[in-house]
Amino acid sequence: MTAGTASSRDLAYDRSPAWGAVFAMALCCMVLVASEFMPVSLLTPIASDLHLTEGQAGQAISISGVFAVLTSLFVSGLTTGRDRRTVLAALTLLMIVSGSVVALAPNYAALMAGRAVLGMAIGGFWSMSTAAVMRLVPEDRVPRALAILQGGTALAATVAAPLGSFVGGYVGWRGAFFCVVPLAAIALAWLLMSFPSMPSGGRRGSGNVFRLLRRPVVAYGMAAVTLFFMGQFALFTYLRPFLENVTGVDVATLSLVLLLLGVTGLLGTFLIGSFLRSNVYGAMIAIPLSMAAIAVGLIVFGNGLAGTAFLLGMWGLIGTPAPVAWNTWLTRVLPEDAEAGGGLMVAAIQLAITLGATVGGILFDGSGYQSTFGASAVLLVAAGLLSYLALLAKR
């Protein structure tokens, strides 16, 4: 172990847990996710104001994902030797820049540029978040700290689209986007006040994230997380048309069902930490297999509101906290290379979400929801099996 690595590992034990910094990071995560998904509920006014098609406006989501992938793969190497407090503050500042550029965008090019900047913030922040948490709190409290981060994410994912639509109805889509700017400014100020100095560990070669795949446990684990998110978003992306056309809910009931999913997701996020202290691999195996069973259950019981609501509540309870399990696994399997591993995982997740939504959409349009949900179940079972192989490789 190098001296630089040893010092970075020991920082979590040389002072009291920096919970204020953890909550500041959670606020940053919440603003990031809210910014990322804000366009979902504002595509129509964006397209109308900038004289675009809704498909063109929708690319504002895709472009942020592309830049998130690219940034996540290279940010660790490009920032080697720089204080992580400074790097995370700079990434938070990018959120402010992005929100301002998008809110004031006079044309399509400016809109896309602002969203590209957001993608850089997403990829960089998420890549470094797990490694930073490992140095803010003692090892036995890392799952709890990661759950706090995911709690901010889950809250934002629950309210971003409906809140964006509500606010946009009063102050316009530009005003809705600008609302994230003061929140990001608060997050930046909180981060600067609460975050300790965090020198880079100076890991040589950390920019080459793909070298980590030479280890079987990492290769199996990353393949598992990729298939998990493909399976999750192959189904989740098409919940609304499923609920409207199969379950037969109206708009008000739809909102209640999605709210239930969000609330149970928050509950699961705050419960999972205690389960991860002793059995991370058990969670990595059980979560996708349970969600596969739920996907099959939705095919069988999707015509009934009560059964569907119960299954989706369980989907939120089990599926929303899954990133906590994966990030905890990352801290255990790559304790000295968490930044590079985090970058690789973020890239895998972003690509998996895109692929899952694309494959799910093709199947949904071509063969109906049964094929989409069935494919989701198959992918989730495969993720569980690969997690089991990762456990065997670890042993």
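How each quantity is defined
Within any chain, residue numbers begin from 1 and follow the written order of that chain's sequence. This being a predicted model, a pLDDT of at least 70 is required before a residue's local features are given, and a value of 80 or more before pairs of side-chain atoms are given or counted; all residues contribute to the totals for chains, interfaces and linings. The side-chain values count all of the structure's non-hydrogen atoms but skip hydrogen atoms and water molecules. Axis definition: a line fitted to C-alpha atoms, over the contacting stretch in the case of helices. Angles run 0 to 180 degrees between N-to-C directions. Secondary structure follows DSSP: runs of H or I at least 4 residues long count as helices, runs of E at least 2 residues long count as strands, and numbering of each begins at the N terminus. For classification, angles of less than 35 degrees are called roughly parallel, those exceeding 145 degrees roughly antiparallel, those between 65 and 115 degrees roughly perpendicular, and all remaining angles oblique. Left-handed describes a crossing whose near helix is turned anticlockwise from the far helix by less than a right angle; the clockwise case is right-handed. Only heavy atoms matter for contacts: two residues are in contact if any of them lie within 4.5 Å across the pair. Put simply, Ala, Val, Leu, Ile, Met, Phe, Trp, Tyr, Cys and Pro go in the nonpolar bin, Asp, Glu, Lys and Arg in the charged bin, and everything else, Gly too, in the polar bin. Per residue, pLDDT captures the predictor's confidence, and it can take any value from 0 to 100. Patches in this entry comprise residues that are over 30% relatively accessible and not in a salt bridge; like charges within 9 Å are linked, as are nonpolar side chains (Val, Leu, Ile, Met, Phe, Trp, Tyr) within 5 Å. Computed with the Shrake-Rupley method and a 1.4 Å probe, the accessible areas treat only the protein chains shown as cover for residues. Any Lys or Arg side-chain nitrogen located within 4 Å of an Asp or Glu carboxyl oxygen qualifies as a salt bridge. Three exposure classes are used, based on accessible area relative to the maximum for each residue type with a 1.4 Å probe and protein chains only: buried under 20%, partly exposed in between, and exposed over 50%.

Before going further, it helps to spend a moment on the packing of helix H5 (residues 84-103) against helix H6 (residues 108-136). Viewed as axis vectors pointing N to C, H5 and H6 meet at an angle of 155 degrees, and their least axial separation amounts to 8 Å. Classed by the angle they form, the pair H5 and H6 counts as roughly antiparallel. Seen from above, H5 lies across H6 with left-handed handedness. Only Ala110, Leu111, Gly114, Arg115, Val117, Leu118, Met120, Ala121, Gly124, Phe125, Met128 and Ala132 of H6 make contact with H5, whose side of the interface consists of Arg84, Val87, Leu88, Leu91, Thr92, Leu94, Met95, Val97, Ser98, Val101 and Val102. Broken down by class, the residue content of the contact of H5 with H6 amounts to 17 nonpolar, four polar and two charged.

Next up on the list: the confidence of the model for the protein. Taken residue by residue, the protein gives an average pLDDT of 83. The fraction at 70 or more is 91%. Confidence over residues 1-13 falls short of pLDDT 50; this stretch has 19 contacts with residues more than four positions distant or in other chains.

A word on a nonpolar patch on the surface. Taken together, Leu155, Val159, Leu163, Phe166, Tyr170 and Val171 make up a surface patch of nonpolar side chains, about 610 Å² in accessible area. Within the fold, Leu163 resides in helix H7 (residues 142-178).

Moving on, we come to the pattern of salt bridges. Taken as a whole, this structure holds one salt bridge when the rule is applied. Between Arg174 and Asp49 there is a salt bridge whose closest N-O contact spans 3.0 Å. A residue pair is termed long-range when its members are at least 10 positions apart, and Arg174 in helix H7 and Asp49 in helix H3 (residues 43-50) qualify at 125 residues. In this structure Asp49 comes out as partly exposed when scored by relative accessible area, which is 36%.

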